[in-house]
Amino acid sequence: MEISIAAEKLFMLGVLPVTNALFIGVLVSVILVLVTQIILTRWQSVPRGLQNVFEIIVDGVLGLLESIMQDRGMARKFFPLIATIFLFILLSNWIGLLPGLGTVGLAHENAAGHATIIPFLRSTSADLNFTLGLSLFVVITIQLTGILALGIRGYAKKFFVSPFHKPYVVGTLMGVLELVSEFAKILSFAFRLFGNVFAGEILLTVMLHLVPYFIPLPFLFLEIFVGFIQAAVFAMLVAVFLKMATTPAEH
Amino acid sequence: MEALANLGIDWKLLVAQVVNFAVVLLVLKRFAYQPMLKLLDERTAKIEKGLADAENAGKKLSEIEIQEKAILMEARTEAKRILTETDEAAKKRDAAQIAETEKRVKKILHESELKIAEDQKKMLDEAKRELGETVLLAVEKVLHEKMDATKEKEFIERHVN
């Protein structure tokens, strides 16, 4: 049993080291695009089968966004981003739970000389490169949205508050705190998702090594649930932060 | 940087993951969400239109029912009116006819009475004349003699009347 925080490298593509997590990330993308295209080409006015599931997701996400943002136009504008985040994380979390995780892979000798395998399957969310990259992408999007909605001056007013006005120094300190929290978002987004999914995978591996049959099952269900919750939390937080970024400062 | 490397963070991989996600986002936005939202909107519009149509149809139906009732009522009163009018007209006409018939019958009766009276008189006159002639003949025969015309007439008149 070998646990690696970093995703394992499968092969090199030019200068890019292709890891199992990146491989799964691309696989998830392909699956998402194919499934949505299949649903669209077989679209019926009376929904059936997979189309139902997708409509429920689309309707649910859209309804949730409308209730968070209190604005139909804004909800529609950010729907693609939120829905893609949710679907991508959900699928990559669940793909990591497939049986055979960590058992099919390339033969490899580790540093100590033991023969191990590099698994093909590793949830994309269990790779900090993905979670950190996504959180950077999202936080930058949030900042840009705020600036576009309020203007640079309006947006800056959230963080730089004159100490000579009503709440005096308190307002200034709050502004600085807000500024720090914007940067903290990058880390909290990245490590929340990574930590939950990576911990889940370790938990399942450990349970499988302790008791191979039946006992890991409840943990598998737990991880299915956690995978959904983390995807929903990530997407919801992005929606909430987007709404907060477009709301002007109240001074 | 050492800490980042220990966590497995490699900027090349990070960029690759972000590019992968961005591509999926753009592709899904262009080829999945927009058409899907359009289709869902179309269906919502269709359903709303259907519901509105159904409601309108119901409203119209009740309106038509009310109208129908009104028209029926009107038709019924009209029919009643026409019936009574015809009835009255018929009664009036009957009365007139009866009166005329009565008048005609009276006239005919009167005429026939007059005619009968005349005929009687005529017959009586003729009978008188014939009687007179017969008496004259008989007298002639009895008397065997011929009287002259004046004497004869005088004689007849004296004996008959």
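Up top is the structure.
**Q** Can you explain the overall build of chain A? Please cite residues and give values.
**A** Along its length, chain A carries six helices and four strands. Scanning chain A from its N terminus toward the C terminus, one meets helices and strands in the order β-β-α-α-α-β-β-α-α-α. Per-residue burial over chain A gives 33% buried out of 251 residues. Once local pairs closer than 6 in sequence are excluded, the contacts in chain A between residues at least 24 apart make up 64%.

**Q** Residues and numbers for the pairing of strand E1 (residues 9-13) of chain A, please.
**A** Residues and elements named next belong to chain A. Pairing of E1 with strand E2 (residues 16-19) involves four bridges; the strand directions are antiparallel. Across the sheet, residue Met12 finds its bridge partner in E2, namely Pro17. Where E1 folds back onto E2 in an antiparallel hairpin, the turn is made up of two residues, including Gly14, whose phi is positive at roughly 65°.

**Q** Tell me about the interface of chain B and chain A, residues and numbers included.
**A** Taken together, the 26 residues of chain B in the interface contact 33 residues of chain A. Classifying every residue of the side of chain B that touches chain A gives 19 nonpolar, three polar and four charged.

**Q** Please set out the packing of helix H2 (residues 50-69) of chain A against helix H3 (residues 72-95) of chain A residue by residue, giving values where relevant.
**A** Residues and elements named next belong to chain A. Interhelical geometry of H2 versus H3 gives an angle of 130° and a closest axis separation of 9 Å. Comparing the axis directions of H2 and H3 gives the class oblique. Judged by the sense of rotation from one axis to the other, the crossing of H2 with H3 is right-handed. The segment H2 lies against H3, with Val58, Val61, Leu62, Leu65, Glu66 and Met69 engaging Arg72, Met74, Ala75, Phe78, Phe79, Ile82, Ala83 and Phe86. Grouping the constituent residues of the contact of H2 with H3 by class yields 12 nonpolar, no polar and two charged.

Cut-off values and rules
Residues numbered from 1 in each chain as written. Chains lettered and ligands numbered in written order. Predicted model: local features only at pLDDT ≥ 70, side-chain atom pairs only at ≥ 80, totals over all residues. Helix = DSSP H or I, 4+ residues; strand = E, 2+ residues; numbered from the N terminus. Buried ≥ 20, exposed ≤ 12 C-beta atoms within 10 Å, placed from the backbone. Contact = placed C-beta atoms within 7 Å. Pairing = 2+ DSSP bridges. Nonpolar A, V, L, I, M, F, W, Y, C, P; charged D, E, K, R; others polar. Axes fitted to C-alpha atoms, helices over the stretch in contact; angles between N-to-C directions. Parallel < 35°, antiparallel > 145°, perpendicular 65-115°, else oblique. Left-handed = near helix turned anticlockwise from the far one by under 90°.

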